[in-house]
Amino acid sequence: MQTHRILVINPGSTSTKIGVFDDQEVVFEKTIRHTTDEISSYKRVIDQYDFRKQVILEELDREGINISKLSAVCGRGGLLRPIEGGTYEVNEAMLEDLKNGYNGEHASNLGGIIANEIAQGLNIGAYIVDPVVVDELHELARVSGVPEIPRKSIFHALNQKAVARRAAADLSLSYKDARLIVTHMGGGITVGAHVGGRVIDVNNGLHGDGPFSPERAGTVPAGDLVSLCFSGQYYRDEVMKKLVGQGGLMAYLGTNDARDVEEMVAKGDRKAKVVFDAMAYQIAKEIGSMSAVMEGRVDAIALTGGLAYGKAFVEEISKRVHWIADVLVYPGENELEALNEGTLRVLNKEEVPKQYPNFQE
């Protein structure tokens with residue numbers, strides 16, 4: 001059987017993670033750091049694509065990796081229009097939305113663009129996999145109570161879907177046959193109900209609802225938030241920072257690093273323990289909410305993301321939810337592996353690549 005060599009690219013705000021895989025075996029993996037001066041010299045995120053592409057190619061050349069041997073290139077999916085999950089071929093409609101920042105500017109928008117630039121020169125396929133805008137919500141899950149503010153699906157789709165497949169395989173089930181609650185616990189926290197290979201409900205982990213996290217506020221009392229907004233004490237951007245970036249652990253304890261908080265707890269810091277346990281409590285509560293969505297029929301609960309490395313934290317969640325289903329733990333984000341796996345399924349003809357719609361037609 002032919003071995004597929006795949007280059008995967010995951011651009012972040014100050015770094016670009018790259019990996020080269022032979023099927024599922026890691027050949028090379030590197031996080032390329034970008035200085036503030038390098039990034040700030042570009043007015044818009046999209047303007048960075050040529051610079052980042054060259055840095056990637058130089059790094060591969062330095063490692064002696066011949067890109068002519070590549071079978072495909074896969075980039076992190078960006079802030080596109082809402083689409084169902086899966087592996088998508090990069091096409092003109094997608095490039096247009098990524099370049100124009102249709103749903104906002106973010107470094108992840110560069111993933112598909114750079115993948116396409118490299119792949120075109122080699123006459124091979126360029127793909128993205130499960131971007132954060134994956135939207136498979138049940139119609140009931142969209143209703144918020146305020147018609148002007150429908151609930152949105154913005155979550156850690158790439159890692160959630162990859163972990164759901166892994167958990168299903170560990171249960172000797174296909175992803176489409178499994179009923180799973182997957183909880184991604186990182187800088188943001190999202191809890192998804194996976195049924196029939198679709199995420200039918202999930203909290204909006206960006207500026208929406210759900211548990212508070214190391215740097216996000218999650219659900220807050222709406223009336224009090226309105227009062228805060230109109231108090232005259234804060235500008236709009238300041239309120240947004242309270243919700244995203246300066247919320248959660250950061251607001252209470254001055255750090256977004258769970259390891260720092262664990263150290264505080266170990267030294268007997270009562271406030272740190274209450275706040276850390278409250279975060280676990282809110283995650284467990286959200287998992288319980290998703291179990292109701294799934295009518296109590298849950299094959300397993302999967303915990304993933306950086307916070308899943310903390311044994312005490314995982315135990316604090318598990319003790320509240322283990323009665324629903326067995327708790328499986330998959331620490332870390334494994335995004336490069338997830339991008340590779342999505343591309344590999346297409347190259348091995350296990351899946352047909354999806355086409356990003358042309359919304360102008």
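Everything below is about the structure printed above this text.
What counts as what
- Residues numbered from 1 in each chain as written.
- Predicted model: local features only at pLDDT ≥ 70, side-chain atom pairs only at ≥ 80, totals over all residues.
- Heavy atoms only, no water.
- Core = buried A, V, L, I, M, F, W, Y, C linked by side-chain atoms within 4.5 Å.
- Buried < 20%, exposed > 50% of the residue type's maximum accessible area, 1.4 Å probe, protein only.
- Helix = DSSP H or I, 4+ residues; strand = E, 2+ residues; numbered from the N terminus.
- Contact = heavy atoms within 4.5 Å.
- Pairing = 2+ DSSP bridges.
- Axes fitted to C-alpha atoms, helices over the stretch in contact; angles between N-to-C directions.
- Phe/Tyr/Trp six-rings, centres within 6.5 Å; stacked < 30°, edge-to-face > 60°.

Caption draft 1: Fine view of the nonpolar core. Judged by nonpolar contacts, the single largest core of 34 residues is most densely connected at Leu7, Ile9, Ile56, Leu60, Val73 and Met94. Secondary-structure elements contributing two or more residues to this core are β1 (5-11), β2 (15-22), β3 (25-33), α2 (49-62), α3 (92-100), α4 (109-122) and β6 (125-129). Sequence-distant contacts of Leu7, that is, excluding residues within four places in its chain, are made with Gly19, Val20, Leu60, Leu70, Ala72, Val73, Cys74 and Ile118. Within the second largest apolar cluster, 31 residues are counted, among which are Ala280, Ile283, Val298 and Leu303.

Caption draft 2: Representation of the sheet that holds strand β11 (residues 327-331) within the structure. Pairing within the open sheet is mixed, and its 5 strands lie in the order β9-β8-β7-β10-β11. With one partner strand each, in any of the chains shown, β9 (198-202) and β11 form the two edges of the open sheet. Between one strand axis and the next, the sheet turns through 25° on average, direction left out of account. Across 4 bridges, strand β8 (residues 189-195) lies against β9 in antiparallel orientation. Each bridged residue has a counterpart across the sheet, and for Val195 the counterpart in β9 is Arg198.

Caption draft 3: Region of the structure containing the packing of aromatic side chains. Counted under the stated rule, the structure contains 3 aromatic pairs. Between Phe212 and Tyr252 the ring centres are 6.1 Å apart and the planes differ by 45°, which places this aromatic pair in the tilted class. Of this pair, Phe212 sits in the loop between β9 and α6 (222-229) while Tyr252 sits in helix α8 (residues 248-253), and the two are 40 residues apart along the sequence. You can call Phe212 buried: its relative accessible area is 7%. Among the residues examined, Tyr252 registers a relative accessible area of 47% and is labelled partly exposed.

Caption draft 4: Looking closely at the side chain of Thr255. Summarising the element assignment, Thr255 is placed in the loop between α8 and α9 (258-266). Overall, Thr255 belongs to the buried group, its relative accessible area being 10%. Among all residues touching Thr255, those that are not within four sequence positions of it are Pro214, Leu249, Met250, Asp260, Val261 and Met264.

Caption draft 5: The pairing of β3, seen in detail. Note: β2 against β3, 8 bridges, orientation antiparallel. Across the sheet, the residue bridging to Lys17 is Thr31, located in β3. Here β2 hands over to β3 after 2 residues, with Asp23 in that stretch at a positive phi of 55°.

Caption draft 6: Just the sheet that holds β2, in detail. Strand order in this open sheet of 7 strands is β3-β2-β1-β4-β6-β5-β12, and the pairing throughout is mixed. Looking at strand neighbours, the two that pair on one side only are β3 and β12 (354-355), the edges of this open sheet.

Note that every value here comes from positions in space, so none of it alone points to a role or purpose.
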